[in-house]
Amino acid sequence: MSHKLVIKVTAGADAPERCSQAFTVAAVAVASGVEVSLWLTGESAWFALPGKAAEFSLPHAAPLPDLIDGIMAGGEITLCTQCAARRGIEEEDVIDGVRIAGAQVFVSEIMPDGVQALVY
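Here is a short report on the structure shown in this document. Every value quoted in this text rests on a predicted model; they were computed, and no experiment measured them.

About the cut-offs
- Residues numbered from 1 in each chain as written.
- Predicted model: local features only at pLDDT ≥ 70, side-chain atom pairs only at ≥ 80, totals over all residues.
- Heavy atoms only, no water.
- Buried < 20%, exposed > 50% of the residue type's maximum accessible area, 1.4 Å probe, protein only.
- Helix = DSSP H or I, 4+ residues; strand = E, 2+ residues; numbered from the N terminus.
- Pairing = 2+ DSSP bridges.
- Right-handed = clockwise from strand over helix to strand, strands pointing away.
- Axes fitted to C-alpha atoms, helices over the stretch in contact; angles between N-to-C directions.
- Parallel < 35°, antiparallel > 145°, perpendicular 65-115°, else oblique.
- Left-handed = near helix turned anticlockwise from the far one by under 90°.
- Contact = heavy atoms within 4.5 Å.
- Nonpolar A, V, L, I, M, F, W, Y, C, P; charged D, E, K, R; others polar.
- Core = buried A, V, L, I, M, F, W, Y, C linked by side-chain atoms within 4.5 Å.
- Expected span 1.5 Å × (residues − 1).

**A few points about the pairing of strand β1 (residues 4-9)**
Counting buried residues in β1 gives five out of six residues, a clear majority hidden from the surface. Judged from the six bridges that link them, β1 and strand β2 (residues 35-40) form a sheet pairing that is parallel. Along β2, the bridge assignment pairs Val9 with Leu40. Assessed by its sense of winding, the connection that carries the chain from β1 through helix α1 (residues 16-31) to β2 is right-handed. Note: β1 against strand β5 (residues 115-119), five bridges, orientation parallel. Bridging from a neighbouring strand, Ile7 pairs with Leu118 of β5.

In structure tokens:
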């Protein structure tokens, strides 16, 4: 049985600790060899844009750009279609390697055996 971790992060700068925890868990999982899919929803959608992660700061936390680099090194990051649309974010606006996809893709990722889903 394969193991995959799907993390949906709903928080951004509005809830910095919850946001940082999601990115940290995702980056640590990738570094540990776990297949990871991180979904940006709600206020975390802004972190799909170049430079936005560098604006995020939380004392005693790893820098968000470093965490994103770690996640992208072995996992994938997806921006929620509706969340992007509500914020006027288009596919050409996002960081290279970030895909935009909707609920159907999310459900298809979390339903197979061996998948653990977390929501922050």
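**Section: the packing of α1 against helix α2 (residues 64-74)**
α2 packs onto α1 with a crossing angle of 40° between their chain directions and a minimal axis gap of 8 Å. Classified by the angle between their axes, α1 and α2 sit oblique to one another. With respect to the hand of their crossing, α1 and α2 are arranged in left-handed fashion. Packed against α1, whose contacting residues are Ser20, Phe23, Thr24, Ala26, Ala27 and Val30, the element α2 presents Leu64, Leu67, Ile68, Gly70, Ile71 and Gly74 at the interface. Within the contact of α1 with α2, the residues separate by chemical class into eight nonpolar, four polar and no charged.

**Side note on the nonpolar core**
Nonpolar side chains tend toward joint burial in soluble globular proteins. Ranked by size, the top nonpolar core spans 35 residues in total, and within it Phe23, Leu38, Leu40, Leu64 and Leu79 carry the most contacts. Mapped by element, the contributors of at least two residues to this core are β1, α1, β2, α2, β3 (76-80) and α3 (81-86).

**Describing α1**
Look at α1: 22 Å from first C-alpha to last across 16 residues, which is about the 22 Å you get at 1.5 Å a residue. For α1, every residue scored as buried is listed here: Cys19, Ser20, Ala22, Phe23, Ala26, Ala27, Ala29 and Val30. Elements that come into contact with the buried residues of α1 comprise β1, β2 and α2. Gly33 occupies a position one or two residues after α1 and carries a positive phi of about 90°.

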